[in-house]
Structures are given as structure tokens and as C-alpha cells.
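Chain by chain, the residues:
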Amino acid sequence: MTINLGTLHIIPIAEDAGLIAAPVSAALATMSDTTAVGVTEIDPALSDTAAFCTHYRVGMEQAANCVVLEATRADRTWFAACVVLASTRADINGVARRALDARRVSFAPMERAVAETGMEYGAITPVGLPIDWPILIDKAVADAAYVIIGSGFRKSKLAVSGSFLASLPNAQIIEGLARAPSLPS
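A few points on the structure. These figures come from a predicted structure and were not determined experimentally. The written sequence of each chain sets the order in which its residues are numbered from 1. For a predicted model such as this one, the threshold for reporting local features is a pLDDT of at least 70, and the threshold for listing and counting side-chain atom pairs is 80 or more; totals across whole chains, interfaces and linings nevertheless cover every residue. Note: side-chain values were computed over all heavy atoms of the structure, leaving out hydrogens and water.

### Things to note about helix 3 (residues 92-99)
Rules: When a residue's accessible area, from a 1.4 Å probe over protein chains only, is under 20% of the maximum for its type it is buried; when over 50% it is exposed; and in between it is partly exposed. In this text, helices come from DSSP runs of H or I with a minimum length of four residues, and strands from runs of E with a minimum of two, each type numbered from the N-terminal end. We call two residues in contact when some of their heavy atoms are within 4.5 Å.
All of the buried residues in helix 3 are Ile92, Gly94, Val95 and Ala96. The inward-facing, buried residues of helix 3 abut strand 4 (64-73), strand 5 (76-85), strand 6 (89-90), strand 7 (104-107), strand 8 (135-138) and strand 11 (171-174). Just past helix 3, the residue Asp101 takes up positive phi, approximately 50°.

Have a look at this one:
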């Protein structure tokens with residue numbers, strides 16, 4: 001997978017594994033086919049989605065965001081991930097909460113998200129998350145030919161197919177997990 005997208009030059013992951021965080025590398029090592037996984041180096045100061053897409057000329061519908069959720073029900077608390085296109089917003093309190101069968105769902109605090117994943121904040125990816133975490137993936141992401149997503153490090157991004165993300169352990173494809181952002185009144 002050597003492609004250009006916007007101003008990015010995406011290379012096969014095997015050509016520079018130093019661009020991905022240790023949990024991502026460990027997860028990829030257990031997978032039989034990672035030939036469709038690409039990586040590209042970026043300016044870490046431009047890792048946040050809006051700045052990244054603008055600077056590297058990548059459409060928001062070609063980028064995906066992975067957010068870490070903290071769910072609770074009775075005395076139980078657990079983590080999950082939610083993956084949606086950058087052009088949308090996850091329905092955390094509706095669809096995600098019901099899919100997780102949780103009473104309450106919120107974004108995990110930054111310190112906890114980083115500690116639990118072993119990845120840098122703002123670069124967390126569903127690849128390499130703890131094996132017992134549910135990964136909720138919006139159907140639009142799963143249907144995408146490829147998306148740009150975090151690599152575990154702010155200095156790079158992964159390019160993967162939606163079907164690759166859908167094949168991750170504990171992945172659940174959910175229609176309507178994301179919706180268009182609200183327009184200002």
C-alpha cells in the first residue's frame with residue numbers, strides 16, 4: 001500500500017514500524033494480513049483532526065476518530081472505543097450507551113485513556129486496544145474503502161480499510177452510531 005492522499009505519502013507499515021505505538025505494533029503482529037495497513041509521518045502539532053485535514057488536504061469524510069468511552073452500570077465500570085468519521089459526531093448518550101448496555105457513558109478522562117491504552121492522547125486508535133474492550137464502529141466507517149486514523153503516536157497516522165477495522169477483536173458495526181454535527185443556531 002503505497003498511495004498518496006491529499007499531500008500525504010502513505011507507505012506499507014512494514015517499511016517504518018517505528019511510526020506506530022507499541023500496542024499497535026503488538027496487535028498487528030498477531031494479524032495474518034497487514035498488507036493493506038499503511039502509515040504516514042505527520043507533524044505532531046497537526047495531529048488533531050481539523051488541523052490535520054486542513055493542512056494535509058484530507059477530507060473529513062476520509063478521516064476517522066476513535067474516542068475512549070467510560071461506561072458504568074451499577075457497581076461496574078468499563079472502557080470501550082467508538083469509531084466514527086471525522087465529518088460526524090458519535091451518539092454517545094443514545095446509540096453507544098444502548099449498545100454497551102450501560103446506564104451512563106462519558107468520554108474517559110485523558111489520563112485514564114492514555115494509561116489504559118498505552119497510546120498518546122489525540123492519537124488513540126482501535127488497533128491495539130485492550131482485548132476485552134468493545135469497539136463500536138459506525139457502519140459508514142466499516143463501509144469505507146479506507147480511512148486515516150491515529151497510530152498511537154501523534155507523529156503519524158494509519159491508513160486502513162473499513163473492513164480491516166471491522167475485523168478487529170470485539171468490533172461491533174452499528175448503523176446510526178454517528179450523525180451529522182448540529183449546525184449553530
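### Brief notes about the state of the cysteines
Heads up, the rule is: Throughout, a disulfide means two cysteine sulfur atoms within 2.5 Å of one another.
Taken as a whole and assessed by the stated rule, the structure comprises 0 disulfides. Summary of cysteine pairing: Cys53 is not part of a disulfide, and the nearest cysteine sulfur, belonging to Cys66, is at 15 Å. In this structure Cys53 comes out as buried when scored by relative accessible area, which is 6%. Of all cysteine sulfurs in the structure, the one in Cys66 sits closest to Cys82, which takes part in no disulfide; the separation is 8.1 Å.

### Some remarks on unusual backbone geometry
If you check the backbone angles, Asp101 has positive phi at about 50° while not being a glycine. For Asp101, a relative accessible area of 51% corresponds to the exposed category.

### Focus: the side chain of Thr125
Stated formally: N or O atoms within 3.5 Å of each other form a polar contact, as long as, within protein, one can give a hydrogen and the other can take it, and as long as residues adjacent in sequence are counted only when both atoms are side-chain atoms.
You can see Thr125 is positioned in the loop between helix 4 (110-117) and strand 8. Within the structure, the side chain of Thr125 is placed 3.0 Å from the backbone oxygen of Gly150, a separation counted as a polar contact. When sequence neighbours within four positions are dropped, the list of residues in contact with Thr125 reads Val24, Cys66, Met119, Ile149, Gly150, Ser151, Gly152 and Leu158.

### Quick look at the packing of aromatic side chains
Quick note on the threshold: Pairing of aromatic rings covers Phe, Tyr and Trp, the last counted by its six-membered ring, and requires centre-to-centre distances within 6.5 Å; plane angles under 30 degrees mean stacked, over 60 mean edge-to-face, and any other angle means tilted. Both a distance and an angle decide whether a charge sits over a ring: NZ of Lys or CZ of Arg must be within 6 Å of the ring centre and within 35 degrees of the ring normal.
All told, the structure shown has 2 aromatic pairs when counted by the stated rule. Both rings, one in Phe79 and one in Trp133, keep their centres 5.4 Å apart while their planes meet at 20°; by these two values the pair is stacked. In this pair, Phe79 is assigned in strand 5 and Trp133 in the loop between helix 4 and strand 8, connecting sequence segments 54 residues apart. Residues Phe79 and Trp133 agree in their burial class; the two are buried. Above the face of the Phe52 ring, Lys157 is positioned so that its terminal group lies 4.9 Å from the ring centre.

### Thoughts on the sheet that holds strand 11
Going by this rule: Any two strands with at least two DSSP bridges between them are considered paired. Helix axes are fitted to C-alpha atoms over the stretch in contact, other axes to C-alpha atoms as well, and angles between N-to-C directions run from 0 to 180 degrees.
In space, the 5 strands of this open sheet follow the order 7-4-5-8-11, with mixed pairing throughout. Sheet topology places strand 7 and strand 11 at the edges, where each strand pairs with a single neighbour. Taking the axes of each pair of neighbouring strands and ignoring which way they run, one obtains an average angle of 30° across the sheet. Of the strand pairs in this sheet, strand 4 and strand 7 are connected by 4 bridges, and their pairing is antiparallel. By the bridge assignment for strand 7, Glu70 is matched with Ser106.

### Structural notes on the pattern of salt bridges
Stated formally: One speaks of a salt bridge when a side-chain nitrogen belonging to Lys or Arg is within 4 Å of a carboxyl oxygen belonging to Asp or Glu.
Scanning the entire structure with this criterion turns up 5 salt bridges. Two residues, Asp48 and Arg154, come together in a salt bridge whose shortest N-O distance is 3.2 Å. In this pair, Asp48 sits in the loop between strand 3 (38-41) and helix 2 (49-56) while Arg154 sits in the loop between strand 9 (147-150) and strand 10 (156-160), placing the two residues 106 residues apart along the sequence. With a relative accessible area of 44%, Asp48 lands in the partly exposed category. Residue Lys139 pairs with Asp143 through a salt bridge whose shortest N-O separation is 2.7 Å. Take Lys139: its relative accessible area is 31%, and that puts it in the partly exposed class. Taking the relative accessible area as the measure of exposure, Asp143 reaches 52% and is therefore exposed. Salt bridges sharing common partners tie together Glu70, Arg112 and Glu116.

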